[in-house]
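Residue-level structural notes
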Amino acid sequence: GHRRAKLDCHLRTELVKVHELGLGHDSDELIRFQYCSGACPKVRSNHDISLAHLLRSGRLRLPAQSGRGSVRVLSHPCCRPTAYKAVSFMDVSNTWRTVDSLSAAACGCLG
Amino acid sequence: GHRRAKLDCHLRTELVKVHELGLGHDSDELIRFQYCSGACPKVRSNHDISLAHLLRSGRLRLPAQSGRGSVRVLSHPCCRPTAYKAVSFMDVSNTWRTVDSLSAAACGCLG
Amino acid sequence: QAGDLPTMDSASMGNCINAKKLCLDDFTCKVPFLYLETCFPFMASAPQKPENQEGCLEAAQQLQNSSLGNCRCQWRMKNQDICLAVYWTIHSTYGLGNYDLGGSPYKEIVISKPRKFNHLDLLESGSMSQSSPDLCMKSTNLCTLNDRCNKLRLAYGEVCSVARCQPLRCQQELRVFFEQVADNYAHALLFCPCDDGDDVCGARRHNTIAPSCVSPARDPPNCLILWDTCLQDLLCRSRLADFQMHCCRMDPLGNCVGIEPQRCLKAYMGLIGTVMTPNYISNLSADVAVSCSCQGSGNQLEECMRIQESFSRNPCLTKAIKAQMQVHRQLLSKSSPTAISQD
Amino acid sequence: LYFSRDTYSEKIYIDEPVGTPLLYVHALQDARGEVPHFRLGQHLYSTYRSQPHRNDWFQINEDTGLLYLNQSLDQRAFEKLSARNGGFPLLTIYLQVFLSPRPFRENDCHWPSCAKVMLSIINATMPACSSLKPREFCFLETGLSFRIRENKPPGTFHQFRLLPVQHLCPNISISYQLLRDEDLPFHSDKDTMEVSMRHSLDREQKEKYELVAKCTVREGLREDNVMVPFPVTVYDEDDSPPNFPTGIDTASAVVEYKRKEGTVLAVLQVFDADVVPSSGDIPRKYIHTMLTSDPRVIKFFRVEHSPNETSYNSNGSRVRAMMHDYKLVLNQSIPITENHSFQLGVLVNDTDFQGPGGVLQLYFNVTILPVSIRFPNISYSFSVNRNAHRYAQIGKVCIENCKEFHGVNITYKLQSLSVNCTALSIITSPESTTGNLFVNDTSMLQRPECTGMKYDVFAADKQSRKQSKTTLTISVEGNFFPEEEGCPISCAVNKRRLECEECGGLGSLMGTCQWRQGDGKGISKNYSTCTPSLKTCPDGSCDAVESRDLHICPQDCIRGDIIGGHEKGEWRGIKAGYGVCNCFPEEKKCFCEPDDDKEPLCDEVCR
């Protein structure tokens, strides 16, 4: 149904100011930042099912990464952009800038 | 530099018993279960840098996912298998079984 | 002999592409038209002076009564360049001295009442609100909130950006923006009001059409040379004629008789993205000019100054721009009622 | 003959009687004895000029230039004309007046042989004389402006009276004068109310006269004065020969170290008081030729002409003129052995100027000096650390005046004098003609017995094969320590000071990379990064050694993607970065982001 689909991997839009992007551009101009979010349950393989089970049972010895929790293991495809688009804006010195691949253009379950 | 690369996305192997796979096969035979783990720093894009920054600053309003914390958002490519292989073993009634796509054959940073 | 000509009824003015088809089906019209095409071969790079001027004038007069005589083109029509080529084939003959283009090739358009902005309330709320919202920044963000305006603005922004500037593509995308975006958004972006001395707001207004990419020439060309360059380009010539007709008609007293401010602004915006792109002269001024100089004009200094001053000292244009800025000051300032109409 | 104005104008009310005089057009002589005959175009043009209309209402006296109504313009005529006025309320129509005998073409109306007459037709009958304001008796609203050609016979170029209104209100007493015309070359005649020139004008004396015309209206005891600007522009003709502004017609040009194509050797200026031809036509009219047939001179030298408008003070006002720069430019780089001098003459011809003196001769005294390739008489000595990695830049060698050289192809070579220990190579950096010494074989450095090296350094010019030699002694310092395991090849990979300083990388001088701490101010040239040597990297230039291998200094040499807040260098490299910039040469990629962006290994939302 519709409600269920909204949780699946899809494109979301957020209006953010350029300086909030954390790229060092200091401008109050708004841009439409699009990203992908949502779950990817449908395409899981035997590998994923076993991996999830082994992870839950703590059976896999994951090397700790220096002080930052265990190294990442994913037991399902990830919801990620399958296409990007550049975004242009005028920075604080009113020069036109373009940042490549800043916004997602389409999403998909990958891997 | 060999020392650091170990953190990057790569193939790892674990010896597990068939019954630990959680696929319902009840056998004590050991198999080499391979899976992918590690970070994907070199493949990130401007999108990822900004998404990570927005996530950290709590600027994205993420809709809650039913009962499991907020919806999944990944701000970097995911380390996932790019090829699989089947694994065969004799189950508890000593019949040869083959499970397709059980083990990862190669890993990559996707998305 | 020209004689008494039928009164011109603007409604009946078909576009020039159809008029040409009608003409080519009628032998008495076809012959003079095909002859006229040799007079001003717009396909050639520069319309040289035709050898047989008499023949061209005569052919043009014969066509006065035909459908071609008063055909026009529309702003956003398909094959606009073909339509304009037909128009100028007919009307180049009547240039009254080469600094008067004799009327606009564009059909009269109904100037709609300035529409309100949707999402204006959004700009005032929570995380969107800005510390010191100068109205040019506000106009920019209003554009971002409108799908079409955002899409077209990003399209020109990308090819006009630093380190990826492609002047011709930049000019082309700017033309598409000002032709296809709703007037209220285009006006808000271009004619946003800045408080005196607010050079941040003024800098945004001055740079919004990326002047360093659109006309990158370090030392500006002579205005006469710029004028000739424009005349050799169908679109630029047409937009210049439109500007001349709708912004430069003054009666002897110098007041703008019969000039409709909104129509003049449309003509002004029509020039953006051509070689005669007008822009604000600095970050601190609302005066506009085309980037050309009158150095090296020789005996044509007066003609050169006229071209320059049709932008930099044009009371009709200045009044229209100031009036538009005043409209936006009310529309964009907080006090204005929240916008409801959909785009 | 030429018109004294390019546009005339007048106001007409409806139903003015036939024969009402409207205005006088005036023509001035180009040569004495010319007699003007005025001809009127057959059509009227409206503001919305797409369709001309037959001229049924206006006629001109071919000899006096008086334009008058030969058919009254009634309401019906007004309607017919306004229909073609594009909906503009005020009806303005244009007539064209030509100066025969020249053949005129209706549509080709340009000054000087054709003038436009702009008639504003008011949709009302003429108001009673008593209701008119003084100004309306004196001047029209459209401004006055006149054009007079210099050096032409004097003549009458204007008459003040507003003919229609003074014809229909004869008993109003009106007089005109030009203020302070005593010390001006113009005279306004009280009776005829005409304005004429006292003598011909010289533009080079004064180019613009900003006069003031005063009109006095007397009605009974009342007297009103109205003043308007009366500008006269003097039009130029090519009547001034070019000359040398400072009297200098000769310049010396010395070719020594700067031998690159495009080098400007000398400049001579020619001044021309005229501003015609205009800048568009100057290249065709102002011709210069090099007076030489020596193929070598033609091969190695060219003259570039760049005209610029200038102005000078005359009688308290600015007068425009032209300054022509003639630059002697190297067309091709000259061999360093060339050694001779000659005088090059250049003929400058102002082809527009008819009189004598239109042709000038410039002289460039050219001296080509030979240049020697010689090391300063010192022997070079440098030291190198045992832990230096390959491509570590040890030092630079340079022939005398190497910084001055341009366009000379110097190459440096090393010849080892020590048998068991030779670790260095040399490479020439083209722009600055210096030899960059760098470590090329690290295994040699790690041998304990290798304590020093000796080399002969040769510098040679490719073209002339001239060569010079000097000696180079290198001392080997420090003790060798094996490097940490797992260190990246390139220093630039490291993102933090700790990782950076615990590893070496290609190009590192002391075996360890060096950390540069940036200023952390947004996207800045001073970004944080890990470098093999702070002296050479990053410095915004991908030098000769660095360009041998991208691993050495990708910050300066990368052409690939730069992710995160940055500004690209003009051709390559990172000009400015946000936070820490680190690079992955294998993937041809660099990242610039603040250090606090810990790698989000598993942000809270990723389970």
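Note that the coordinates shown come from a computational prediction; the quantities given were computed from them, not determined experimentally. (Residues numbered from 1 in each chain as written. Chains lettered and ligands numbered in written order. Predicted model: local features only at pLDDT ≥ 70, side-chain atom pairs only at ≥ 80, totals over all residues. Heavy atoms only, no water.)

1. Things to note about the pattern of salt bridges
Heads up, the rule is: Salt bridges are identified by distance alone: a Lys or Arg side-chain nitrogen within 4 Å of an Asp or Glu carboxyl oxygen. Secondary structure elements are defined from DSSP: runs of H or I of at least 4 residues count as helices, runs of E of at least 2 residues count as strands, and each element is numbered from the N terminus. Buried means the residue's accessible area, taken with a 1.4 Å probe over protein chains only, is under 20% of the maximum for its type, while exposed means over 50%, and partly exposed covers the values in between.
Enumeration over the complete set of coordinates arrives at 50 salt bridges over all chains. Glu 567 of chain D is paired through a salt bridge with Arg 97 of chain A; the nearest N and O atoms lie 3.9 Å apart. Residue Glu 567 of chain D is found in strand β37 (residues 566-568), and its partner Arg 97 of chain A is found in strand β4 (residues 96-110); the two belong to separate chains. Look at Glu 567 of chain D and you get partly exposed, because its relative accessible area is 24%. Residue Arg 203 of chain D is joined to Asp 236 of chain D by a salt bridge in which the shortest nitrogen-to-oxygen separation is 3.1 Å.

2. Concerning helix α7 (residues 147-160) of chain C
Which entries qualify depends on this criterion: Helix span is expected to be 1.5 Å times the residue number reduced by one.
Relative to the 20 Å expected for 14 residues at 1.5 Å per residue, α7 of chain C spans 20 Å between its end C-alpha atoms, a close match to the ideal helical length. Regarding α7 of chain C, the residues found buried are Cys 149, Asn 150, Leu 152, Arg 153, Tyr 156, Gly 157, Val 159 and Cys 160 of chain C.

3. Some details on the state of the cysteines
Rules: Disulfide: a pair of cysteine sulfur atoms within 2.5 Å of each other.
On inspection of all chains with the given rule, the structure shows 30 disulfides over all chains. A disulfide bridge connects Cys 36 of chain A with Cys 107 of chain A, and the sulfur atoms are separated by 2.0 Å. Measuring handedness by torsion sign, the sulfur bridge of Cys 36 of chain A and Cys 107 of chain A sits at about -85° and is left-handed. Of this pair, Cys 36 of chain A sits in strand β2 (residues 30-37) while Cys 107 of chain A sits in strand β4, and the two are 71 residues apart along the sequence. What makes Cys 36 of chain A buried here is its relative accessible area of 2%. The disulfide partner of Cys 421 of chain D is Cys 450 of chain D, and the S-S distance across this bridge is 1.6 Å. One end of the pair, Cys 421 of chain D, is in the loop between β28 (410-416) and β29 (424-429); the other, Cys 450 of chain D, is in the loop between α6 (442-445) and β31 (452-461), with 29 residues separating them in the sequence. Of the two residues, Cys 421 of chain D and Cys 450 of chain D, neither departs from the other in class, the shared state being buried.

4. Considerations on the sheet that holds strand β17 (residues 208-219) of chain D
Residues and elements named next belong to chain D. The test is simple: Any two strands with at least two DSSP bridges between them are considered paired. Under this scheme, a helix contributes an axis fitted over its contacting stretch, all axes are lines through C-alpha atoms, and angles between N-to-C directions fall in the 0 to 180 degree range.
Strands sit in the order β12-β18-β17-β14 across an open sheet of four strands; the sheet is mixed. The open sheet has two free edges, formed respectively by β12 (146-149) and β14 (173-178), since each of these has just one partner strand. Taking the axes of each pair of neighbouring strands and ignoring which way they run, one obtains an average angle of 30° across the sheet. For β12 and strand β18 (residues 222-235), the ladder comprises four bridges, and the chain directions are parallel. For Ile 148, the partnering residue across the bridge sits in β18 and is Val 234.

5. Quick word on the confidence of the model for chain C
All names here are of chain C. Spelled out, the test is: pLDDT gives the predictor's per-residue confidence on a scale running from 0 to 100. The contact definition used throughout considers only heavy atoms, calling two residues in contact when any of these lie within 4.5 Å.
In the predicted model, chain C carries a mean pLDDT of 82, and 82% of its residues have values of at least 70. Low pLDDT, under 50, characterises residues 1-12; the predicted model gives this stretch 18 contacts beyond four residues in sequence or across chains. Predicted confidence is poor over residues 43-48, with pLDDT under 50, and the contacts of this stretch with residues over four places away or in other chains come to seven contacts.

6. Examining empty space enclosed by the protein
Residues and elements named next belong to chain D. Note the cut-off: Lining residues are those with an atom within 4 Å of a point, where the points come from a 1 Å grid over the protein atoms alone and group into cavities, where a 1.4 Å probe fits but cannot get out, or pockets, open sets with protein on both sides within 12 Å along at least five of seven lines. Grid points are joined across faces, edges and corners, and a volume is the space filled by probe spheres set on the points.
Evaluated as defined, the whole model comprises nine cavities of 30 Å³ or more. Approximately 230 Å³ is the volume attributed to the largest cavity. Surrounding the largest cavity, 19 residues form its lining, Arg 5, Ser 9, Leu 144, His 158 and Leu 162 being those nearest its centre. Here the second largest cavity defines a volume of roughly 140 Å³. If you trace the second largest cavity, you find 13 residues lining it, with Glu 10, Lys 11, Tyr 13, Glu 136 and Val 165 closest to the centre. Broken down by secondary-structure element, the contributors of at least two residues to the lining of the second largest cavity are β2 (7-14) and α3 (163-168).

7. Details of the side chain of Ser 418 of chain D
Residues and elements named next belong to chain D. Rules: Contacts described as polar in this section are N or O atom pairs within 3.5 Å, which, within protein, must combine one atom able to donate a hydrogen with one able to accept it, while residues neighboring in sequence count only if both atoms come from side chains.
On the secondary structure map, Ser 418 appears in the loop between β28 and β29. Within the structure, Ser 418 has its side chain in polar contact with the backbone nitrogen of Lys 454 (distance 3.3 Å). Setting aside residues up to four positions removed in sequence, Ser 418 forms contacts with Met 453 and Lys 454.

8. A word on the packing of aromatic side chains
Aromatic ring pairs are reported here in terms of the distance separating the ring centres and the angle at which the planes meet. Our working definition: Aromatic rings from Phe, Tyr and Trp, with only the six-membered ring used for Trp, were paired whenever their centres fell within 6.5 Å, and each pair was classed as stacked if the ring planes differed by under 30 degrees, edge-to-face if by over 60, and tilted otherwise. Throughout this description, the term charge over a ring refers to an Arg CZ or Lys NZ atom that lies within 6 Å of the ring centre and within 35 degrees of the ring normal.
If you walk through the whole model with that rule in mind, you get 30 aromatic pairs over all chains. Where Tyr 156 of chain C meets Phe 177 of chain C, the ring centres are 5.3 Å apart and the plane angle is 70°; that geometry is what we call edge-to-face. Of this pair, Tyr 156 of chain C sits in helix α7 while Phe 177 of chain C sits in helix α8 (residues 167-180), placing them 21 residues apart in sequence. Here Tyr 156 of chain C and Phe 177 of chain C have matching classes, each one buried. With a centroid separation of 6.2 Å and an interplanar angle of 80°, the aromatic rings of Tyr 2 of chain D and Trp 111 of chain D are classed as edge-to-face. With Tyr 2 of chain D in strand β1 (residues 2-3) and Trp 111 of chain D in the loop between β10 (91-100) and β11 (114-125), this residue pair connects regions lying 109 residues apart in the sequence. With relative accessibility at 0%, the residue Tyr 2 of chain D sits in the buried group. Looking at Trp 111 of chain D, the relative accessible area reads 18%, which means it is buried. Through successive ring pairs, a cluster of aromatic residues spans Phe 139, Phe 146, Phe 157, Phe 160, Tyr 176, Phe 186, Tyr 209 and Phe 230 of chain D. Positioned above the aromatic ring of Trp 88 of chain C is the side chain of Arg 237 of chain C, whose terminal nitrogen or guanidinium carbon lies 4.5 Å from the ring centre. Here the basic side chain of Arg 147 of chain D rests over the ring of Trp 111 of chain D, its NZ or CZ set 5.0 Å away from the ring centre.

9. Quick word on the packing of helix α6 (residues 135-145) of chain C against α7 of chain C
Residues and elements named next belong to chain C. The test is simple: Here roughly perpendicular refers to angles of 65 to 115 degrees, roughly parallel to angles under 35, roughly antiparallel to angles over 145, and oblique to all remaining angles. Three residue categories are used. Nonpolar comprises Ala, Val, Leu, Ile, Met, Phe, Trp, Tyr, Cys and Pro, charged comprises Asp, Glu, Lys and Arg, and polar comprises the others, including Gly.
Their axes nearest at 5 Å, the elements α6 and α7 cross at an angle of 105°. As judged from the angle between their axes, α6 and α7 are roughly perpendicular. Residue-level inspection shows Thr 140, Cys 143, Thr 144 and Leu 145 of α6 in contact with α7, the latter providing Asp 147, Cys 149, Asn 150 and Arg 153. Across the contact of α6 with α7, the residue classes break down as three nonpolar, three polar and two charged.

10. Considerations on the nonpolar core
Which entries qualify depends on this criterion: Residues grouped as a nonpolar core are buried Ala, Val, Leu, Ile, Met, Phe, Trp, Tyr and Cys residues, joined through side-chain atoms within 4.5 Å.
Formed by 93 residues in total, the largest nonpolar core has its most connected members in Leu 68, Phe 177, Phe 178, Phe 191, Leu 240, Tyr 268 and Met 276 of chain C. Apart from residues no more than four positions distant in its own chain, Tyr 268 of chain C is found in contact with Leu 190, Phe 191, Phe 243, Pro 278, Asn 279, Val 288 and Leu 317 of chain C. Tyr 13, Leu 22, Cys 169 and Leu 184 of chain D belong to the second largest nonpolar core, which has 69 residues in total.

11. Details of the sheet that holds strand β23 (residues 317-330) of chain D
Residues and elements named next belong to chain D. Strand order in the open sheet formed by three strands is β20-β23-β22, and the pairing between neighbours is antiparallel. The sheet is open, and its two borders are formed by β20 (264-272) and β22 (301-314), each paired with just one other strand. Pairwise comparison of adjacent strand axes, ignoring direction, gives a mean angle of 20° for this sheet. Relative to β23, β22 runs antiparallel, the two sharing 14 bridges.

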